[in-house]
Structures are given as structure tokens and as C-alpha cells.
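Analysis of the macromolecular model
Next come the chains, spelled out residue by residue.
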Amino acid sequence: MDESPLEQQSQSHEQENEIVTEGSAFGHGEPPSQDGSVPPKVDSPVEVLDEKVSKQIIKEGHGSKPSKYSTCFLHYRAWTKHTQHKFEDTWQEQQPIELVLGKEKKEMTGLAMGVASMKSGERALLHIGWELGYGKDGNFSFPNVPPMADLLYEGKARSDMTVEERIGAADRRKMDGNNLFKDDKLEEAMQQYEMAIAYMGDDFMFQLYGKYQDMALAVKNPCHLNMAACLIKLKRYDEAIGHCNIVLTEEEKNPKALFRRGKAKAELGQMDSAREDFRKAQKYAPDDNAIRRELRGIAEQEKAVYQKQKEMYKGIFGGGRDESGGKGKSRNWLIMLWQWLVSLFSRILGRNRVKAD
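As the structure is a computational prediction, the values presented were derived from the model and not from experiment.

Points about the UniProt feature "repeat: TPR" (unreviewed entry) in the protein chain
The positions UniProt marks with the feature "repeat: TPR" (unreviewed entry) are residues 255–288. For the annotated span residues 255–288, helix accounts for 79% and strand for 0% of the residues, and the straight-line distance between the end C-alpha atoms is 10 Å.

With respect to the packing of helix α4 (residues 186–199) against helix α6 (residues 210–233)
Where α4 contacts α6, the axes come no closer than 9 Å and their chain directions differ by 155 degrees. On the basis of their axis angle, the class for α4 and α6 is roughly antiparallel. For α4 against α6, the interelement crossing comes out left-handed. The residues of α6 that touch α4, namely those facing Leu-186, Ala-189, Met-190, Tyr-193, Glu-194, Ala-196 and Ile-197, are Cys-223, His-224, Asn-226, Met-227, Cys-230, Leu-231 and Lys-233. Split into classes, the residues belonging to the contact of α4 with α6 amount to ten nonpolar, two polar and two charged.

With respect to the pattern of salt bridges
Within this structure, the stated rule accounts for 14 salt bridges. Residue Arg-275 pairs with Asp-272 through a salt bridge whose shortest N-O separation is 3.1 Å. Placement of the pair is Arg-275 and Asp-272 together in helix α9 (residues 271–284), with a separation of three residues, close to one helical turn. Residue Asp-272 is classed as partly exposed on the basis of its relative accessible area, which comes to 36%. Ionic contacts of the salt-bridge type, sharing partners, join the residues Glu-47, Lys-55 and Glu-122 into one network.

What about the packing of aromatic side chains?
In the structure shown here, the tally under the stated rule is three aromatic pairs. Plain terms: the ring middles of Phe-87 and Tyr-134 are 6.1 Å apart, the flat faces sit at 85 degrees to each other, and that makes the pair edge-to-face. On the criterion of sequence distance, the pair formed by Phe-87 in strand β7 (residues 86–89) and Tyr-134 in the loop between β9 (123–128) and β10 (151–158) is long-range, its members being 47 residues apart. Ring geometry for Phe-259 versus Phe-278: centroids 5.7 Å apart, planes at 50 degrees, classification tilted. With Phe-259 in helix α8 (residues 255–267) and Phe-278 in helix α9, the pair connects residues that are 19 residues apart, well separated along the chain. For Phe-259, a relative accessible area of 16% corresponds to the buried category. Given the relative accessible area of 0%, Phe-278 is considered buried.

What to know about the packing of helix α3 (residues 163–182) against α6
Running from amino to carboxyl end, α3 crosses α6 at an angle of 25 degrees, the nearest separation of the two axes being 10 Å. The pairing of α3 with α6 is recorded here as roughly parallel in orientation. As α3 packs across α6, the resulting crossing turns out to be left-handed. In this structure, α3 contributes Val-163, Ile-167, Ala-170, Asp-171, Lys-174, Asn-178 and Phe-181 to the contact, and α6 contributes Tyr-212, Met-215, Ala-216, Ala-218, Val-219, Pro-222, Cys-223, Asn-226, Ala-229, Cys-230 and Lys-233. Classifying every residue of the contact of α3 with α6 gives 13 nonpolar, two polar and three charged.

Cut-off values and rules
Residues numbered from 1 in each chain as written. Predicted model: local features only at pLDDT ≥ 70, side-chain atom pairs only at ≥ 80, totals over all residues. Heavy atoms only, no water. UniProt positions renumbered as here; feature names shortened; annotations may be inferred. Helix = DSSP H or I, 4+ residues; strand = E, 2+ residues; numbered from the N terminus. Axes fitted to C-alpha atoms, helices over the stretch in contact; angles between N-to-C directions. Parallel < 35°, antiparallel > 145°, perpendicular 65-115°, else oblique. Left-handed = near helix turned anticlockwise from the far one by under 90°. Contact = heavy atoms within 4.5 Å. Nonpolar A, V, L, I, M, F, W, Y, C, P; charged D, E, K, R; others polar. Salt bridge = Lys/Arg side-chain N within 4 Å of Asp/Glu carboxyl O. Buried < 20%, exposed > 50% of the residue type's maximum accessible area, 1.4 Å probe, protein only. Phe/Tyr/Trp six-rings, centres within 6.5 Å; stacked < 30°, edge-to-face > 60°.

Structure (C-alpha cells):
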């Protein structure tokens, strides 16, 4: 699948309906004032969000709360409630957790409920029951959480997300999609690619230029090509062509986009248009064996069709001998005329299909 590394750049960009939750004393790049080895002591009233989720506000926020399906980047510290064992600290690891409200992992259900209740700038301590955390069995890999452990999360919400955070999130979605594709989980892979593409919406791309635009396209276009690969496998050829067209709008010489569009067209029987795409792709990737195979396949298929038609017409107009024992030469001109008319009709029909595409 298509993968491309991201450069590390720094530029902020505010977006609606997106929040980032950071460590409780972490803001604007400053480290926490304490080491965070134990949960903070909070005296504010307990707000019950669910039977298994409650919240204590440390500092009031402002503005609106995130809506369902909002994208949240989380920097938090987490402990088991009874032993106060800290099992995760994303600020210390310098790796935020991405959370899409309503599509979170099962062990993040309680955390998502808490984040959904937080306003921009709000600091809070979340109490999560084990049923909405890591469950009855816990987690014995990273993070290491004991069975049936109630949890505490400390975080701070803000309403802006940097360009590299957005592109980085899209790239992680793309990588998740690639892993699912390798396991032949095509529908699940497409969901990840669609979410990655959603980060690169028209409004976002319109504001980018230069190196930032290049960074975004290096993630966005491979996602469209990977979507096309999934759709071809699922025999949804028209949709695959649409994703290839999006890439070719930005990169008209992209050989993968031309190749996959040609493959989809060939499956739809649009042979002339498919051949044209394959030849363009070969021009930009002359050593690609897959392109050679597809061109050879089209030639062999057309030859087989021609031979079949030839045999059929031979049977219709007669290919036996006449009463004198010689071939029916008087009818040969009829066969030639019929083949010429069929060839002419096929070419006209093929050109009309190309125009329609």
C-alpha cells in the first residue's frame, strides 16, 4: 500500500468541533508543575455523567462542548483508582492519543464520555468504572491495567490543533488502514482511509501552501489510491475511478492513479480508455511489470474476441465447399464487408464511451 513519511513542522490552525486534551498543568508547551505520579486532589462537586462515569472540574472552561464524531487529540495521565498506579502518561511519552467521539475503542468508552462533557480550556478529573474501561480481564500488554480496575484520568481541553497534528492523525489512520488491507479487511480499511481523508477537507487544503500542502498531499493522495485498490477488489469500479480522478486532478502524471483507473475501466469493458490509461502510466513508470501485464492482457483479450467473431461469421456466411469442390470464393467479399462494418461500429462505440468518461 502507499505510505509516505511526514516531516516535522510547526504551525497552528484552529478548527471547529475539535478538542485536544492535555496534561492538567500542561499548556502552550510548558511541562506540568508536578511529576504526576499520583492523582491530583480535587474538592469540587462530583458531576455524574453516567452510572459508571463522573467528573470533578479543576478549572472551568468556556465555549461549547464537542459534538458527536468530533476529533479529539488527548494528552492525559491515567491511574488505577484503588492502587493509584499510573499506567499511562501521554504527555511524558510525547505522543497524543487520537479519539473520535462515537467511534472510540471499547476501553476508551468512559474516557470519551468525559471528554464529550468538557469545554475548551476545562481541566477535570474523570472517574471511570472498570466496565467502561479495560473491563473484567484488564490489559496485560501496554498499557498494563489489572482486571476490573476502576480508572482516573486527568486532562485539560483546548480547541485548536496544529497542522502537523492533523496531518499526523491522518497518517496514522492511513497506516491503520494499510494493516487492515493486508488482513483483507477491506471495509474496515476503507473506514480508516475515509477518516484520514476527512482530516484533509477542502477548507483545510485551501489554506495550505508550499511545504504544508506537500505534506498533506503526501498523505491524502495515497489514501485515495488505497481506497481505489479496495473498491476494485470489491468490484465497485465506478467508485474506484472517482478516487483515481481526485488524485489525477492534483497529480496528472501519477502512474498508480492511471494504472488503477485503467484497471477499473478494463473491468467495465472500456478497453480503449483503459489502454490509454495504461500507456500513460507506462510512460511515467516504464519498468513497471504490472502495467505491461495489463496491456498484454488487453491485446490477448481483443485477439481472442476477434478470433471468436471470425469463426462465428464464417459459420453464418458459410465456410464449406461448393458443388465443384472449391471454396465459395463468391461469398468471401460478404465476409470481409461484414467484418469491416463490425470493426467500424466497435470503434465508433468505443469513442463514445471515452467521451462519456
